[in-house]
Amino acid sequence: MKRDPVVIIVVALVVSAMLGFGVYKSRRSSGQTKNSEASMKGQLAPDFALQSLDGKTVRLSDFRGKAVLLNFWATWCQPCKIEMPWFADLQNRYASEGLQVVGIAMDDAGPDEIGKFAKDLGVNYVVLIGKEEVGDSYGGVPFLPTTFYIGRDGTVVDKVFGLKGRGEIESAIKKALSQGQAVQAQK
Amino acid sequence: MRLFEQHLNRAVTISTYPCHRAMRLSPKLAANLLPLPCWLVLTCLAVAQDIPGTRVPSVTMSPAPTITITRGKPGTVDLHFRIDGGFHINSNTPKSEFLIPTVLKLTAPTDIVVGKVIYPPGEDMSFPFAPTEKLSVYSGVFILGVVVRPLASVVPGKYAFHGQLKYQACDKAACYPPKQLPVDFQVKVAKGSSTHKKNPGQSPHVHR
């Protein structure tokens, strides 16, 4: 069958234009989020002081020298529920290598309710009661889950929106563990 | 001019041909290609919608037509809501105590009683983030019924109702903070037909 070159050219042009439009629209609608993502990577993760479920004040800087998986979640977030047992398992597996998972509950629920929810999911890591300003200091948390991977040197290695596969999470943890290893060795 | 018209009828000229040579597309071929851009636009938008967090979920309410209700009698106002494609919200009766139910809160004018809000049953759906778990959700269009009963003492006329629909939306990989949608509608209270009988026992004209 002989193909008309005009048809091929028209199709190619239209496909390119539409793909470009799709990418532009996607980027524009998530512009603020993407900008904040871009601006966070490689930067020092903002320190904060939040209350833990047992009322202690916990600072991010308390974990300096460790790789931190900082997970913003809420009890009303179903996708968050899927990740949390994975985080618990990964905390066990990589604790000896210097991983600390920290969950920040962006919730209106009280500490008891949050604690019960976390316990039911087998959470074995630090859970803190979130504040809006902490989310803002991280470029905003417009939806949950949002996870930051912070290297041993305190810099943001990665920022991930939404639920990801366990394999992706583990890869990001390994990346965070390797970030700033030289700094730790010097210490 | 006639020659030009003939030419136009016979062919569509494309000037962007790379060899800078005008190429002719038969009208039939051009007509076949016309739906292509629309299809591609829709495809690209669908792809963009699939990326979590690329859009903000939105629930909108269609303008509710003014319903006439006779005073002293109950009537139901149907409120139509639409959820953006790719998103869902919890039903009024989610399957977990931790999930935030969709709730309509209304304030009524004096002497008009807002009765029951009739919520549709949620659709039991599972999502990629929890394929084995069913959630009770609304998606697409859903209708809430509001039972309104003006007291018999209400002056006939139009009355405005205001309120808020509280909901919490998710897509297939992320959830968004709870939101409130303003809800407004009007009800026309009518006097009703005066066909009711007087109490026979009190009438001096009653003859048994």
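Residues numbered from 1 in each chain as written. Chains lettered and ligands numbered in written order. Predicted model: local features only at pLDDT ≥ 70, side-chain atom pairs only at ≥ 80, totals over all residues. Heavy atoms only, no water.

Novice: Describe in detail the nonpolar core, supporting the description with residues and values.
Specialist: Residues Phe48(A), Leu70(A), Phe72(A), Tyr138(A), Leu144(A), Tyr149(A) and Ile173(A) are the most contacted members of the largest nonpolar core, which totals 56 residues. Elements with a contribution of two residues or more to this core: β3 (67-73), α3 (78-94), β4 (99-105), α4 (111-120), β5 (126-129), β6 (146-150), β7 (156-161) and α6 (166-178) of chain A. Ignoring any residue separated from it by four or fewer positions in sequence, one finds Leu144(A) in contact with Phe72(A), Trp73(A), Ala74(A), Trp76(A), Cys77(A), Cys80(A), Met106(A), Ala174(B) and Cys175(B). If you look at the next biggest cluster of nonpolar residues, it comprises 33 residues, including Phe142(B), Val148(B), Val154(B) and Tyr176(B). (Core = buried A, V, L, I, M, F, W, Y, C linked by side-chain atoms within 4.5 Å. Buried < 20%, exposed > 50% of the residue type's maximum accessible area, 1.4 Å probe, protein only. Helix = DSSP H or I, 4+ residues; strand = E, 2+ residues; numbered from the N terminus. Contact = heavy atoms within 4.5 Å.)

Novice: Got a sec to walk through the layout of surface pockets? Specific residues and values, please.
Specialist: Here the largest pocket is characterised by a volume of approximately 380 Å³. Lining the largest pocket are 22 residues, and of these Trp76(A), Met106(A), Asp107(A), Asp108(A) and Pro178(B) sit closest to its centre. Counting residues per element, the lining of the largest pocket draws most heavily on helix α5 (residues 132-137) of chain A, which supplies three residues. Looking at the lining of the largest pocket residue by residue, the classes come out as 11 nonpolar, four polar and seven charged. (1 Å grid on protein atoms, 1.4 Å probe; cavity = no way out; pocket = protein on both sides within 12 Å on 5 of 7 lines; lining within 4 Å. Points joined across faces, edges and corners; volume = space filled by probe spheres on them. Nonpolar A, V, L, I, M, F, W, Y, C, P; charged D, E, K, R; others polar.)

Novice: Give me the pairing of β5(A): which residues, what numbers.
Specialist: Residues and elements named next belong to chain A. In this structure, β4 lies alongside β5, joined through four bridges in parallel fashion. In the sheet register, Ile 104 faces β5, and the bridge partner there is Leu 128. Taken together, β4, α4 and β5 constitute a β-α-β crossover, and its handedness is right-handed. (Pairing = 2+ DSSP bridges. Right-handed = clockwise from strand over helix to strand, strands pointing away.)

Novice: I'd like to hear about the sheet that holds strand β4 (residues 67-70) of chain B, residue by residue, with values.
Specialist: Residues and elements named next belong to chain B. On the basis of which strands lie adjacent, the open sheet formed by four strands has the order β4-β14-β12-β7 and mixed pairing. The sheet is open, and its two edges are formed by β4 and β7 (103-107), each paired on a single side. Within this sheet the neighbouring strands show an average axis-to-axis angle of 35°, counted without direction. Across five bridges, the pairing between β7 and strand β12 (residues 157-167) is antiparallel. Of the residues in β12, the one forming a bridge with Lys 105 is Gln 164. (Axes fitted to C-alpha atoms, helices over the stretch in contact; angles between N-to-C directions.)

Novice: With reference to specific residues and values, describe the pattern of salt bridges.
Specialist: Going through the model one piece at a time under the given rule, you end up with eight salt bridges over all chains. When the shortest N-O distance is used, the salt bridge between Asp54(A) and Lys56(A) registers 4.0 Å. Owing to a relative accessible area of 57%, Asp54(A) belongs among the exposed residues under this scheme. One salt bridge in this structure joins Arg166(A) and Asp89(A), with 2.4 Å as the shortest N-O distance. With Arg166(A) in helix α6 and Asp89(A) in helix α3, this residue pair connects regions lying 77 residues apart in the sequence. Asp89(A) gets classed as partly exposed once you look at its relative accessible area, which sits at 30%. Linked by salt bridges that have partners in common, Lys116(A), Asp120(A) and Glu97(B) make up one network. (Salt bridge = Lys/Arg side-chain N within 4 Å of Asp/Glu carboxyl O.)

Novice: Describe the environment of Tyr167(B), naming the residues involved and giving the relevant values.
Specialist: Residue and element names in this part refer to chain B. Mapped onto the elements of the fold, Tyr 167 is located in strand β12. By relative accessible area, which is 4% here, Tyr 167 ends up buried. For Tyr 167 and Ser 58, which are 109 residues apart along the polypeptide, the C-alpha to C-alpha distance reads 10 Å. Beyond its immediate chain neighbours, meaning those up to four positions away, Tyr 167 contacts Pro 57, Ser 58, Val 59, Ile 89, Thr 102, Pro 178, Lys 179 and Leu 181.

Novice: Describe the sheet that holds β7(A), naming the residues involved and giving the relevant values.
Specialist: Residues and elements named next belong to chain A. Strands sit in the order β5-β4-β3-β6-β7 across an open sheet of five strands; the sheet is mixed. Since the sheet does not close on itself, it has two edges, and those belong to β5 and β7, each with one partner. With direction set aside, neighbouring strand axes in the sheet form an average angle of 20°. Relative to β4, β3 is paired through seven bridges, and the arrangement is parallel. Along β4, the bridge assignment pairs Leu 69 with Val 101.

Structural measurements only, silent on function.
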